[in-house]
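Chain by chain, the residues run as shown.
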Amino acid sequence: MGRSRAGSPRELLASCCRGGADIACFAASDGKLLSSDVTHYVIPDWKVVQDYLEILEFPELKGIIFMQTACQAVQHQRGRRQYNKLRNLLKDARHDCILFANEFQQCCYLPRERGESTEKWQTRSIYNAAVWYYHHCQDRMPIVMVTEDEEAIQQYGSETEGVFVISFKSRRERENESQESHGKEYPEHLPLEVLEAGIKSGRYIQGILNVNKHRAQMEAFVRLQGASSKDSDLVSDILIHGMKARNRSIHGDVVVVELLPKNEWKGRTTALCENDSDDKAWGESPTEPMPTGRVVGILQKNWRDYVVTFPSKEEVQSQGKNAQKILVTPWDYRIPKIRISTQQAEALQDFRVVVRIDSWESTSVYPNGHFVRVLGRIRDLEGEIATILVENSISVVPFSEAQMCEMPVNTPENPWKVSPEEERERKDLRRSHLVFSIDPKGCEDVDDTLSVRTLHNGNLELGVHIADVTHFVAPNSYIDIEARTRATTYYLADRRYDMLPSILSADLCSLLGGVDRYAVSIMWELDKTSYEIKKVWYGRTIIRSAYKLFYEAAQELLDGNLSIIDDIPEFRDLDEKSRQAKLEELVWAIGKLTDIARHVRAKRDGCGALELEGVEVRVQLDEKKNIHDLIPKQPLEVHETVAECMILANHWVAKKIWESFPHQVLLRQHPPPHQEFFSELRECAKAKGFFIDTRSNKTLADSLDNANDPNDPVVNRLLRSMATQAMSNALYFSTGACKEEEFHHYGLALDKYTHFTSPIRRYSDIVVHRLLMAAISKENKMEIKGNLFSNKDLEELCRHINNRNRAAQHSQKQSTELFQCMYFKDKDPDTEERCVSDGVIYSIRTNGVLVFIPRFGIKGAAYLKNKDGLVISCGSDSRSEWKPGSLQRFQNKITSTTTDGESVTFHLFDHVTVRISVQASRCHSDTIRLEIISNKPYKIPNTELFHQSPPLLKSELVKEVTKSVEEAQLAQEVKVDIIQEEYQEYCQTKGRSLYTLLEEIKDLALLDVSNSYGI
């Protein structure tokens, strides 16, 4: 038959239309061509359009003709929201569907008969139009009418040859109940032996499925894994285009992929889009074709608990009061809708609910699952936090009684003391060494301290002293097993969930000032002038920290501003002579540490160490540990001083344990990134006249150091951020599973690296502490206490810790975004001054730009073309408005031209004025929305913009959001008391102070790119 225009709608409307405003709203679908390769056209009945629109939206469904009668039924019976979804579907050129105005076509229109119900008349009208359309196509193109009406099937099923009437409802029942149908929605997965043989031969490729959350229905990518990554010639991920090719695999599954022929390869889409309309993005332009494949089998399912939202009341009612099969929408865009059985859909529609997937048969469009539990109300703070925890598989169950029974006691009645046995076995540094800590202001869990002194021979001794957690946590004890399961402390925006009970994390393992503590120490003897390392000593010690300094105080002392000692508690009660002597001693120590750190950093810089960009903020807390302010973090040299000492300790411990146990120690590797990931960085730098050499970490570091715009410091920040984005993630690994040349840490430019300095909050460091103790025992020819992990067991443990670290990073990011949205949600973006800010364009897309807002640390999309097809225009006053026109994208800029000839061009690194608002979502998390309101800067960019701006978002954000939550809870004081008791029982920290941010800042100060940057 060839391609059809629905008989041509344009001609039909011109010759047969009787008038009416409703049909005009569908004018955007006018002239769309149905695909020429379909074997039949599908005409859904009105009820099918109402109940199964999400299925009809699948791009795999082609040749769909929506009748005007069905569309009007949706408008009148399902409300504006569903009607707008249908309108957008018809407007979208990528969906093979059109509108036929059957009620305005003289031969198709049927008047409603006396006594005929509206539903029967609608079905009869649609069938009559289907018959007319079949004859209009000269009886050459079969028509399939899909209906829920069993009587219509009986009446019309065999009435007209070439017009088939089938039931959608019976198909659904066959899927859910008995699977009697042999019809397949997806191909069957290949048997395991076939998959393994295919992977071995190279025919198939193994990898992990990663769904693009911005285009969850269309785009997923498979990153090569295992043998496939080593043997394949592919240098990029494999694109899986569409749900059909994904073949029932879910985000995170280990899948087996067959590559398609090159002429079927597709490119990823570069257009900006909103999450819930990703597959309806407008004006998108795919990139160059990339390797494209289809899933032929699943080796390992990654199914977990999913947080979902039930359909709204209107959506549930359309399925009848007794409907049991309900499609629920997961909070995570990357997960498909799940069909569950329940009669409580209406009662649960205002709650976040946990479900699990049970099966996904080849005959089913959606996976089948079951209800697990209710989390909390939608948009309630506690419910949303619980959602984040479940989505990241984070368990916050209380420490058990058995675990707490293993903990030491430290109470006023029974204070903890150093035992005589430990005094004999440990090196006592309490009287011989000036030990002190430098941390963020208000930090409670101090797990590292420093010392430096002059030896009798004139050389220097540098010491790093770390809390001896393993003294209190015995291998395979109850608390050890629990810490291993948690793997890390989880920091959210307003609370933290500790890896260890607070008696350890905030007390006996915290190296607080003026109290005796057990430590594991590394001390180096350094040449007095060159600072070259002469000797190194590892061992268990007893320390008493003399000062608990905060970064700003240490920096003031380093800079010679001695008046800061009034803010250091340890100096307050001293007489003048003692104060002066101790001050000189401390100032010398900080200065000497800084000199040593400069030397150590210079050596790493010479090898290509990278300085990467991340969130840089400084937290100010009041005396009650409540957050007082959050301002941009001043780059202090003392940050690098502490950082280099920690990195040095981690590096030397890595070397020590590897030398003793070369095939079974836990190290941290950071592989070099793929060169193609640097392409955007290179192009952006080129736009500013900079050349970025990415051949090695050394050339990259030097290039970034030279890429400074004296007029706009944000340029270098963004370039470093892009370099960070291009990096691979650093991962823990067992040395027995890798070749030695793969041990290298790219970002830190070290041949061997591990984590040793934070055992309070990372289980990896506990493992390393035990390995170090075993190495010392081996060196001293003593019995090694406890069994070390075998290579195989350690490999499995590393996988678990890496997984938990990713969960910790994701949950921290999601909770911060939650508070950002809750803060802005109560602000009127049109009148609130804080909702307007300066933004910097850092990426160009086909229909918009990506913008960075330095004041709030927010990155997001700003559209230059809206859903109605209008483009942005900036008049003589630079204010923006939407007008008809077009966009033209170039490499480093994008131009918007209106139909009346006005044009505006946005370049990379341009400063623009942005309005910030919140895009609410019932089923998913709310998101920050950015809108360019002027093509001029909001403020003239200068260094003060980033270092001396007024109090930032997060301080007021936390105050206001927490205040509103408290006010809501005051009405339920009993409930508040219960919640507080539960958190005490859980032995977790929950507070309004954003205590977690202290640790975030601490990580940044340590410049350990692993925690803040995913390295």
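(A) Structural detail: the overall build of the protein chain. The number of helices and strands found in the protein chain is 29 helices and 38 strands. Across the 1015 residues of the protein chain, 56% fall into the buried class. Across the protein chain, the fraction of contacts at a sequence separation of at least 24, relative to all contacts at a separation of at least 6, is 70%. As presented, the protein chain carries roughly 44800 Å² of accessible surface, and 48% of it is formed by carbon and sulfur atoms.

(B) Representation of the environment of F678. Within the secondary structure, F678 is located in the loop between β27 (666-669) and α20 (679-687). On the accessibility criterion, F678 (0% relative accessible area) is buried. When sequence neighbours within four positions are dropped, the list of residues in contact with F678 reads P673, T694, L700, A723, A726 and Y746.

(C) Focus on the sheet that holds strand β7 (residues 219-224). Around the barrel, which closes on itself, the five strands sit in the order β6-β7-β8-β10-β9 with mixed pairing between neighbours. For this sheet, the mean inter-axis angle between neighbouring strands, taken without regard to orientation, is 50°. Sheet topology places strand β6 (residues 204-211) next to strand β9 (residues 254-259); five bridges connect them, and they run antiparallel. Paired with G207 across the two strands is V255, which belongs to β9. Contacting β6, β9 and β10 (292-300), helix α8 (residues 192-201) crosses the sheet at an angle of about 125° to β10.

(D) Molecular detail of the pattern of salt bridges. Enumeration according to the criterion identifies 52 salt bridges in this entry. For R604, the salt bridge identified is with E644, shortest N-O distance 2.6 Å. With R604 in helix α18 (residues 576-607) and E644 in helix α19 (residues 637-660), this pair connects stretches of sequence that are 40 residues apart. A salt bridge links E779 to K656, with the shortest nitrogen-to-oxygen separation between them at 2.8 Å. Remark: K656 occurs in helix α19 and E779 occurs in helix α23 (residues 763-779); sequence separation between them is 123 residues. Taking relative accessible area as the criterion, K656 reaches 8% and is therefore assigned buried. A single salt-bridge network, built from bridges that share partners, covers E423, D428, R430, D516 and R544.

(E) Highlighting helix α17 (residues 551-559). Taken as a whole, α17 has its buried residues at Y551, A553, A554, Q555 and L557. Where α17 ends, the next residue or the one after it, G560, has phi of about 95°, a positive value.

(F) Here's a closer look at the pairing of β10. In this structure, strand β8 (residues 238-241) lies alongside β10, joined through two bridges in parallel fashion. Looking at the pairing, L239 lines up with T292 of β10. Where β9 lies against β10, six bridges are found, and the strand directions are antiparallel. Opposite V257, over in β10, you have V295 as the bridge partner.

(G) Representation of the pairing of strand β1 (residues 41-44). Here β1 shows no split at all, with Y41 and I43 on one side and V42 and P44 on the other all buried. Note that β1 and strand β4 (residues 143-147) share four bridges and pair parallel. Bridge pairing in β4 links P44 to V146.

(H) Spatial organisation of the side chain of D838. Structurally, the position occupied by D838 is in strand β29 (residues 836-844). Here H911 takes part through its side chain, which lies 2.7 Å from a polar atom of the side chain of D838.

(I) Structural view of the packing of aromatic side chains. On inspection of all chains with the given rule, the structure shows 13 aromatic pairs. Plain terms: the ring middles of F100 and W132 are 5.5 Å apart, the flat faces sit at 10° to each other, and that makes the pair stacked. A residue pair is termed long-range when its members are at least 10 positions apart, and F100 in strand β3 (residues 97-100) and W132 in helix α5 (residues 118-136) qualify at 32 residues. F100 gets classed as buried once you look at its relative accessible area, which sits at 0%. The structure contains a cluster of three or more aromatic residues connected by ring pairs, namely Y41, F100, W132 and Y133. The side chain of R668 reaches across the aromatic face of Y732, ending 4.4 Å from its centre.

(J) Spatial organisation of the nonpolar core. Membership of the largest hydrophobic core comes to 93 residues, with the highest contact counts inside it found for F436, W524, L549, F756 and L772. Among the nonpolar cores identified, the runner-up in size contains 69 residues, and I43, C108, V144 and I326 belong to it.

(K) Fine view of the sheet that holds strand β14 (residues 351-359). Strand order in the closed barrel made by the five strands is β11-β12-β13-β15-β14, with mixed pairing throughout. Strand-to-strand twist of the sheet, defined as the mean angle between neighbouring strand axes without regard to direction, takes the value 55°. One ladder, built from four bridges, connects strand β12 (residues 325-330) with strand β13 (residues 338-341); its direction is antiparallel. Bridging across to β13, K325 finds its partner in S341. Where helix α12 (residues 381-391) meets the sheet, it contacts β11 (305-309), β14 and β15 (368-377), and its direction lies at approximately 140° from that of β15.

(L) Local environment of the packing of helix α15 (residues 478-486) against helix α24 (residues 791-825). The interhelical angle for the contact between α15 and α24, taken along N-to-C directions, is 60°, at an axis separation of 8 Å. When the interaxial angle is binned, α15 and α24 end up oblique. Residues R484, T485 and R486 of α15 form the contact with α24, whose own contacting residues are L797, H800 and R804. Classifying every residue of the contact of α15 with α24 gives one nonpolar, two polar and three charged.

(M) The arrangement of the side chain of D498 in detail. Along the chain, D498 falls in the loop between β21 (495-497) and α16 (502-508). By relative accessible area, which is 2% here, D498 ends up buried. Side chain to side chain, D498 and R496 meet in a polar contact 2.5 Å long.

(N) Quick look at the confidence of the model for the protein chain. Of the residues in the protein chain, 82% reach a pLDDT of 70 or more, and the chain-wide mean stands at 81. In the predicted structure, residues 276-284 sits below a pLDDT of 50 and forms 36 contacts with residues beyond four places in sequence or in another chain. Long-range and interchain partners of residues 624-632, a stretch whose pLDDT sits below 50, account for 46 contacts in this model, where long-range means more than four residues apart.

(O) Fine view of α23. Its 17 residues give α23 an end-to-end C-alpha distance of 25 Å, which sits within 8% of 24 Å, the value for a rise of 1.5 Å per residue. α23 sits mainly inside the fold: 15 of its 17 residues count as buried. Remark: K781 follows α23 within two positions and exhibits a positive phi of approximately 60°.

(P) Examining the environment of V851 more closely. Counting through the fold element by element, V851 comes out in strand β30 (residues 848-853). Counting along the chain gives 61 residues from V851 to V912, while the straight-line C-alpha distance between them is 8.8 Å. Here V851 is in contact with G839, V840, I841, Y842, I858, K859, G860, A862, V914 and L930, once residues within four sequence places are set aside.

(Q) Expanded view of unusual backbone geometry. Even without being a glycine, R248 presents a positive backbone phi close to 70°. With respect to the secondary-structure elements, R248 resides in the loop between α10 (242-246) and β9. The class for R248 is buried, based on a relative accessible area of 7%. Despite not being glycine, A487 has its phi angle at roughly 75°, a positive value. Looking at where A487 falls in the secondary structure, it is placed in the loop between α15 and β20 (490-491).

(R) Summary view of the packing of α19 against α23. One way to put it is that α19 packs onto α23 with a least axis distance of 9 Å and a crossing angle of 55°. As summarised for this structure, α19 and α23 are arranged oblique, according to the angle between their axes. Considering the relative orientation of α19 and α23, their crossing is left-handed. Side by side, α19 and α23 meet where V653, K656, I657 and S660 of the first sit next to V768, L771, L772, A775, K778 and E779 of the second.

Thresholds applied
- Residues numbered from 1 in each chain as written.
- Predicted model: local features only at pLDDT ≥ 70, side-chain atom pairs only at ≥ 80, totals over all residues.
- Heavy atoms only, no water.
- Helix = DSSP H or I, 4+ residues; strand = E, 2+ residues; numbered from the N terminus.
- Buried < 20%, exposed > 50% of the residue type's maximum accessible area, 1.4 Å probe, protein only.
- Contact = heavy atoms within 4.5 Å.
- Areas by Shrake-Rupley, 256 points an atom, 1.4 Å probe, with all protein chains shown as cover.
- Pairing = 2+ DSSP bridges.
- Axes fitted to C-alpha atoms, helices over the stretch in contact; angles between N-to-C directions.
- Salt bridge = Lys/Arg side-chain N within 4 Å of Asp/Glu carboxyl O.
- Polar contact = N/O pair within 3.5 Å; in protein donor to acceptor, adjacent residues only side chain to side chain.
- Phe/Tyr/Trp six-rings, centres within 6.5 Å; stacked < 30°, edge-to-face > 60°.
- Lys NZ or Arg CZ within 6 Å of the ring centre and 35° of its normal.
- Core = buried A, V, L, I, M, F, W, Y, C linked by side-chain atoms within 4.5 Å.
- Parallel < 35°, antiparallel > 145°, perpendicular 65-115°, else oblique.
- Nonpolar A, V, L, I, M, F, W, Y, C, P; charged D, E, K, R; others polar.
- pLDDT = per-residue confidence, 0-100.
- Expected span 1.5 Å × (residues − 1).
- Left-handed = near helix turned anticlockwise from the far one by under 90°.

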